[in-house]
Amino acid sequence: MLYWLTALSDGGDFFNLFRYITFRAGGAFMTALIFGFLFGKPLINVLRRKQGKGQPIRDDGPEGHFSKAGTPTMGGLLVVGALLTATLMWARWDNPFVWLVLFVTLAYGLIGFADDYAKVSKQTTAGVPGKLRLALGIMIAVTAALWAAAYHPVPLQNQLALPVFKDTLINLGIFYVPFSICVVVGAANAVNLTDGLDGLAIMPVMIAAGTLGVIAYAVGRVDFTEYLDVHYVPGTGEILIFCAALFGAGLGFLWYNAPPAAVFMGDTGSLALGGALGAIAIATKHELVLAIVGGLFVVEALSVIIQVLYFKRTGRRVFLMAPIHHHYEKKGWAEPQIVIRFWIISLILAMIGLATLKVR
């Protein structure tokens, strides 16, 4: 919205700053951060009054989690609210990729809100039926895939770009939409599975978003793509503003979600943010890089899949408990120890993901 102030510029004054994506990204970051600090405590108070007993705690979960009973959930409302406000203020409204990512974020956020509401209102760990949630998620992902393809350059439509092997494109054809569904739905649910300890999910999401924001900015500039030898996707640079807003919103939320958490993100936040990462990946044609940058989420999801399949086949468990962060809890690791080490892993993976931009 503030981009419109460039109409007041003569080319060399303050208003000219609003032409620059980097300036507006900084503004989006600060706006989202301030939003989180201003509205975090009031929102937590409202959630605590409305929810009463807070998020239900699983009976079969780690014993240390019982002390968290009464903690309100739906803290994702703070993240999504800050993210939406900052993005709409600072991003260009004529950019289709910004609206694509916002659509996926809000749509998955609504699914998560319905799930959280069902759990809190009925005081049960069972929310929206899994099949319904999956069906809605697939519908959103199909829309996102077709939306992204419509605005990709013709040579890149329905193509899979490979990191490192940058001259190689794999034509997915009719399999592009199913592949994109796997990316978006997989990312949303993987982040959701990771959100099991105080502060565990939000920092890796911020790290992944920051990395993808840099990639989006580079992919959206023809001079950068020529130097880095990556595929040029006009318009994706504006996604940096969304990512900067997400980083600021995440920091604002982490202020209240750091151990011991005053509020849980809930499915409202985890599904929304995971879906956002998937949408950014398909918009920038960096789906496989997301698997590297978000490698922590991939491992968390795989640990659940492995546990379920192995148990059904043998009646035994590979992990003491899945997702894998609970396995380490069962082994006696302290919660902050798990969280910080997982943050470090996420940062390392982000560096590897960024390195793919320059590997020839």
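Residues numbered from 1 in each chain as written. Predicted model: local features only at pLDDT ≥ 70, side-chain atom pairs only at ≥ 80, totals over all residues. Heavy atoms only, no water.

Chemist: Explain the overall build of the protein chain here, please?
Modeler: The helix and strand inventory of the protein chain stands at 13 helices and 2 strands. A compact globule built from 360 residues should have a C-alpha radius of gyration of about 21 Å, and the protein chain, at 20 Å, falls within 12% of that. Projected onto its principal axes, the C-alpha coordinates of the protein chain cover approximately 60 × 45 × 35 Å. Each of the 360 residues in the protein chain was classed as buried or not, and the buried ones make up 52%. Total accessible area on the protein chain is roughly 15900 Å²; 69% of this is exposed by carbon and sulfur atoms. The centroid of the 26 positive side-chain charges in the protein chain is displaced by 8 Å from the centroid of its 20 negative side-chain charges. (Helix = DSSP H or I, 4+ residues; strand = E, 2+ residues; numbered from the N terminus. Rg over C-alpha atoms; globule rule 2.2 N^0.38 Å. Buried < 20%, exposed > 50% of the residue type's maximum accessible area, 1.4 Å probe, protein only. Areas by Shrake-Rupley, 256 points an atom, 1.4 Å probe, with all protein chains shown as cover. Lys, Arg positive; Asp, Glu negative; His and termini not counted. Charge placed at Lys NZ, Arg CZ, Asp CG, Glu CD.)

Chemist: Just checking my understanding: could you explain the nonpolar core for this structure?
Modeler: Soluble globular proteins tend to pack their nonpolar side chains together in the buried interior. Of all hydrophobic cores here, the largest spans 91 residues; its most connected members are Val-104, Tyr-108, Ile-239, Phe-242, Leu-273 and Leu-277. Looking at this core, the element that brings in the most residues is helix H6 (residues 202–219), giving 13 residues. With residues up to four places along the chain from it excluded, the contact list for Tyr-108 reads Gly-137, Ile-138, Ile-140, Ala-141, Val-184, Val-185, Ala-188, Leu-271, Ala-272 and Gly-275. (Core = buried A, V, L, I, M, F, W, Y, C linked by side-chain atoms within 4.5 Å. Contact = heavy atoms within 4.5 Å.)

Chemist: Teacher, can you tell me more about helix H1 (residues 21–51) here?
Modeler: Three- or four-residue spacings in an α-helix give side chains the same orientation, since the helix completes a turn every 3.6 residues. Of all the bends in H1, the largest measures some 45 degrees and sits at Phe-39, one to four residues before the proline Pro-42. Backbone geometry just after H1 places Gly-52 at a positive phi near 65 degrees. (Bend = angle between axes of the 7 residues up to and from the residue.)

Chemist: Honestly, the packing of helix H5 (residues 176–194) against helix H9 (residues 266–284) in this entry has me stumped. Any pointers?
Modeler: Viewed as axis vectors pointing N to C, H5 and H9 meet at an angle of 145 degrees, and their least axial separation amounts to 7 Å. Between H5 and H9 the crossing geometry is right-handed. Together, Tyr-176, Ser-180, Val-183, Val-184, Ala-187, Ala-188, Asn-189, Val-191 and Asn-192 of H5 and Asp-267, Ser-270, Leu-271, Gly-274, Gly-275, Leu-277, Gly-278, Ala-279, Ala-281 and Ile-282 of H9 make up the contact between the two elements. Here the residues of the contact of H5 with H9 are counted per class, giving 11 nonpolar, 7 polar and 1 charged. (Axes fitted to C-alpha atoms, helices over the stretch in contact; angles between N-to-C directions. Left-handed = near helix turned anticlockwise from the far one by under 90°. Nonpolar A, V, L, I, M, F, W, Y, C, P; charged D, E, K, R; others polar.)

Chemist: Which parts of the structure should I look at to understand the side chain of Ser-270?
Modeler: Residue position: Ser-270 is located in helix H9. Side chain to side chain, Ser-270 and Asn-192 meet in a polar contact 2.8 Å long. If we skip the residues at most four places from it in the chain, Ser-270 touches Ala-188, Val-191, Asn-192, Asp-195 and Met-265. (Polar contact = N/O pair within 3.5 Å; in protein donor to acceptor, adjacent residues only side chain to side chain.)

Chemist: Looking at this structure, how should I read the packing of aromatic side chains?
Modeler: Centre distance and the angle of the planes are the two values used to describe a pair of aromatic rings. Here the structure, examined in full by the defined rule, presents 13 aromatic pairs. The aromatic ring of Phe-224 is capped on one face by Arg-221, whose charged end is 4.4 Å from the ring centroid. (Phe/Tyr/Trp six-rings, centres within 6.5 Å; stacked < 30°, edge-to-face > 60°. Lys NZ or Arg CZ within 6 Å of the ring centre and 35° of its normal.)

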